[in-house]
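Residue-level structure breakdown
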Amino acid sequence: MNPAGTVETVSEPAVRTVSVPFRADRGGTWPVTFSQGNVFDWFAWEGSGAVFGLHADLPGGCTVDDLAECLGVLVSRHEGLRTVYRTEPADARQQIVHDAGRIDLTVVELGAAARDWDRTRGPFRQFDHARDYPLRLVVATDHGRPVRALFECSHVAFDLAAAGLVVDEFQALLVSPGRREVGARRWQPVDQAEYEATPQAARHVARTLDYWRRQLIDLPVCLLTVPARAPGPAQFRLATLRSTPLSTSLHQVSRRSGVSPATVLVSAIAGLLSWWTGSGPVPVDVIFSNRSLPNMDRYVGTIAQAAFVPFRRDETFYGTLRRTHTNLFEAYRYAYFDATAIANLVTEMGVLRGAPRHRDLVVNDMSTTGGNAFSGGPDARGEAPETVVQSGLPTTTTDPVRLTVLRVEPTVVLGLTHDACHVTDTEAAALLHGIDRLLGAAAHHDVDMSALGDLVDLRPVRRDAGWARVGSAWIDVASSERRFRQAVGDERARVLLRQRGDGTTALVGCASVADPAAALNEVHARCLGALGGGHGVIAPDEYVLCPAPPSTRDDLAAWHGSPGVVAGSGR
């Protein structure tokens, strides 16, 4: 029997649409949650990643009527599935929850091909969030028998954990007709938005801002401070690793160290990159589910955000693991945040530091939440008795370096997205092989972190005389000087190094300008605008401006002694 009110239309011979009704006891308009706002903020540059798909094999004997009934229950149960959005202005976005309406179920007749149907790698049609509900359910049938379902999910309403919950509930409803009821109301995005307006939430936001401010002051703004391998715009590629032996090593190291497999993999990739680039502390963005927060265990909504983790190598790998474990758990306390407030803080600190924060290393562990394919690349299926690494593959992910963990048992499946202008295909493959060899060695004994060159087919990055170590970071002084000259319009301007009394090094921009006193702050703003997102380039810490340059432009004292000189930070 059809669900009450179901309307069917035929759009083409092999496809039909079932319009499924839903009804609930709450509707209205509320502010968006922090996480919903965060997703809308990154839509502009994430592109196809704003929509993702999960598929589910359907139990034998179920009908399209069963599917429609279960979909109606789910949409009635979870408010986020029946929500549209007002997205402008950005500081007053709203979620509009409907308490009654219809959602479409698309049925595609594929015959025997339905059993192998897989569209989880897209491409997916984007949602119009002002009009569309953030879930599309497409079902493949074999001569009318439902075989496989595809859930197309918008990140506004789903992170991977939430999508997994919905798929699990859908399958449970299919096999238990007696449980097809909405049930008691759970914690919903509306409830989360109301909590985020409380004084308790405001105190957490303040503590989170304090934590991020400390990291933004202490950590280098950029990890991939390496000479460009190729000119021009970023070229994003994917390298993958599949290895059953690595799974054994990974879990042996995890048990010996008492930390999670995810912590081991974060330590391995961050340790290798910091060694290879010669960096001190390394900023790492680790995607965190936030499911340990109150009311979030069974929450159907987007809640995952990035934990901002300070990574520091110890002398040994096991010492590094213990340090990373501590730093991760501290960062996780501040991994749910008001993204607009964080963005404003990052901008403020970028002005102070002389360069915007680079999100150079991201780690996303999807092994516990059902990830099954790399964005724009191959899926995770298939075992590998030996370690197999491929590189130069296409991807739609746009991070300078991103380690995606799809599986950790019985086969480890890793993907390393990279900007080939700074990490070549060969270097990306070497980093993945390096993880395999590092953990293979660590499964038997501790590893000296200064001797990683014995395990990987990489040598530390070599830089020419145009680079200098400034604090914990490498700076491309020559490129920074070119951008400074562009900003001030003085082709003979200089960027010089000055040793401070506390032992640190400052970059000093020296230039001739018509009105030094009026130009100081403007020069700094122009320098920031001229950086262009370059790796290793930075605006000067200090400026020395004068109407006419000294005869010796390499002499900082001579600049300071020029008539009409004005010096300051420009901040």
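Residues numbered from 1 in each chain as written. Predicted model: local features only at pLDDT ≥ 70, side-chain atom pairs only at ≥ 80, totals over all residues. Heavy atoms only, no water.

1. Some remarks on the sheet that holds strand β11 (residues 282–288)
Within the open sheet, the 7 strands sit side by side as β12-β11-β13-β15-β16-β10-β14. Their pairing is mixed. Strand pairing shows two members of the sheet lacking a second neighbour, β12 (305–311) and β14 (388–393), which therefore form its edges. Strand-to-strand, the axes of this sheet are offset by a mean angle of 20 degrees, without reference to chain direction. Summarising the sheet, strand β13 (residues 361–365) and strand β15 (residues 401–407) pair through 5 bridges and their orientation is parallel. (Pairing = 2+ DSSP bridges. Helix = DSSP H or I, 4+ residues; strand = E, 2+ residues; numbered from the N terminus. Axes fitted to C-alpha atoms, helices over the stretch in contact; angles between N-to-C directions.)

2. Digging into the sheet that holds strand β21 (residues 542–546)
One open sheet holds the 4 strands; their spatial order is β19-β20-β21-β22, and the pairing between them is mixed. Of all the strands in the sheet, just β19 (494–499) and β22 (566–568) have a single pairing partner and so form its edges. With direction set aside, neighbouring strand axes in the sheet form an average angle of 20 degrees. Note: β21 against β22, 3 bridges, orientation antiparallel. Considered in β22, the bridge of Y543 is made with G568. Docked against the sheet, helix α11 (residues 477–488) engages β19, β20 (505–512) and β21, running at close to 125 degrees with respect to β19. On the sheet, helix α12 (residues 516–530) packs against β21 and β22 and is oriented at approximately 135 degrees with respect to β21. (Contact = heavy atoms within 4.5 Å.)

3. Observations concerning helix α5 (residues 199–218)
Counting along an α-helix, one turn takes 3.6 residues, and residues three or four places apart therefore face a common direction. Relative to the 28 Å expected for 20 residues at 1.5 Å per residue, α5 spans 29 Å between its end C-alpha atoms, a close match to the ideal helical length. Among the residues of α5, A201, V205, T208, L209, Y211, W212, Q215 and L216 are the ones counted as buried. Projected onto a plane normal to the axis of α5, the buried residues spread over an arc of 165 degrees and lie on a single side. (Expected span 1.5 Å × (residues − 1). Buried < 20%, exposed > 50% of the residue type's maximum accessible area, 1.4 Å probe, protein only. Arc of directions from axis to C-beta.)

4. Considerations on the packing of aromatic side chains
Counted according to the given criterion, the structure contains 11 aromatic pairs. With centroids separated by 5.3 Å and ring planes inclined at 80 degrees, the aromatic side chains of F151 and F170 adopt a geometry described as edge-to-face. With F151 in strand β9 (residues 145–154) and F170 in helix α3 (residues 160–175), this pair connects stretches of sequence that are 19 residues apart. F170 matches F151 in its accessibility class, with the two residues each being buried. Relative to F337, the ring of W212 lies with its centre 5.3 Å away and its plane at 70 degrees, an arrangement referred to as edge-to-face. Here W212 is found in helix α5, whereas its partner F337 is found in the loop between α8 (317–332) and α9 (339–353), with 125 residues between them in sequence. (Phe/Tyr/Trp six-rings, centres within 6.5 Å; stacked < 30°, edge-to-face > 60°.)

5. Considering the pattern of salt bridges
Counted according to the given criterion, the structure contains 30 salt bridges. A salt bridge links R229 to E427, with the shortest nitrogen-to-oxygen separation between them at 3.0 Å. Separated by 198 residues along the polypeptide, R229 in the loop between α5 and β10 (236–243) and E427 in helix α10 (residues 425–442) bring together distant segments of the chain. Looking at E427, the relative accessible area reads 12%, which means it is buried. (Salt bridge = Lys/Arg side-chain N within 4 Å of Asp/Glu carboxyl O.)

6. What to know about the nonpolar core
By size, the foremost hydrophobic cluster in this structure holds 81 residues, and its most contacted members are F317, L414 and I435. One finds F52, L67, A149 and V300 within the second-largest nonpolar core, a separate group that totals 44 residues. (Core = buried A, V, L, I, M, F, W, Y, C linked by side-chain atoms within 4.5 Å.)

7. Some details on the packing of helix α2 (residues 64–77) against α3
Where α2 meets α3, the closest approach of the two axes is 9 Å, and the angle between their N-to-C directions is 135 degrees. Between α2 and α3, the angle falls in the class oblique. As α2 packs across α3, the resulting crossing turns out to be right-handed. Together, D66, L67, C70, L71, V73, L74 and R77 of α2 and V166, E169, F170, L173 and L174 of α3 make up the contact between the two elements. (Parallel < 35°, antiparallel > 145°, perpendicular 65-115°, else oblique. Left-handed = near helix turned anticlockwise from the far one by under 90°.)

8. Focus on unusual backbone geometry
Peptide bonds are trans in most cases, and residues, glycine excluded, mostly fall at negative phi. At the junction of E88 and P89, the peptide bond is cis and its omega measures out at -5 degrees in the coordinates. Structurally, P89 is set in the loop between β5 (83–86) and β6 (94–97). Its identity as a non-glycine residue notwithstanding, N290 has a phi of 60 degrees, on the positive side. Following the sequence through the fold, N290 ends up in the loop between β11 and β12. A positive phi angle is found at N295, which is not glycine, with a value near 70 degrees. When you line up the elements, N295 lands in the loop between β11 and β12. Take N295: its relative accessible area is 46%, and that puts it in the partly exposed class.

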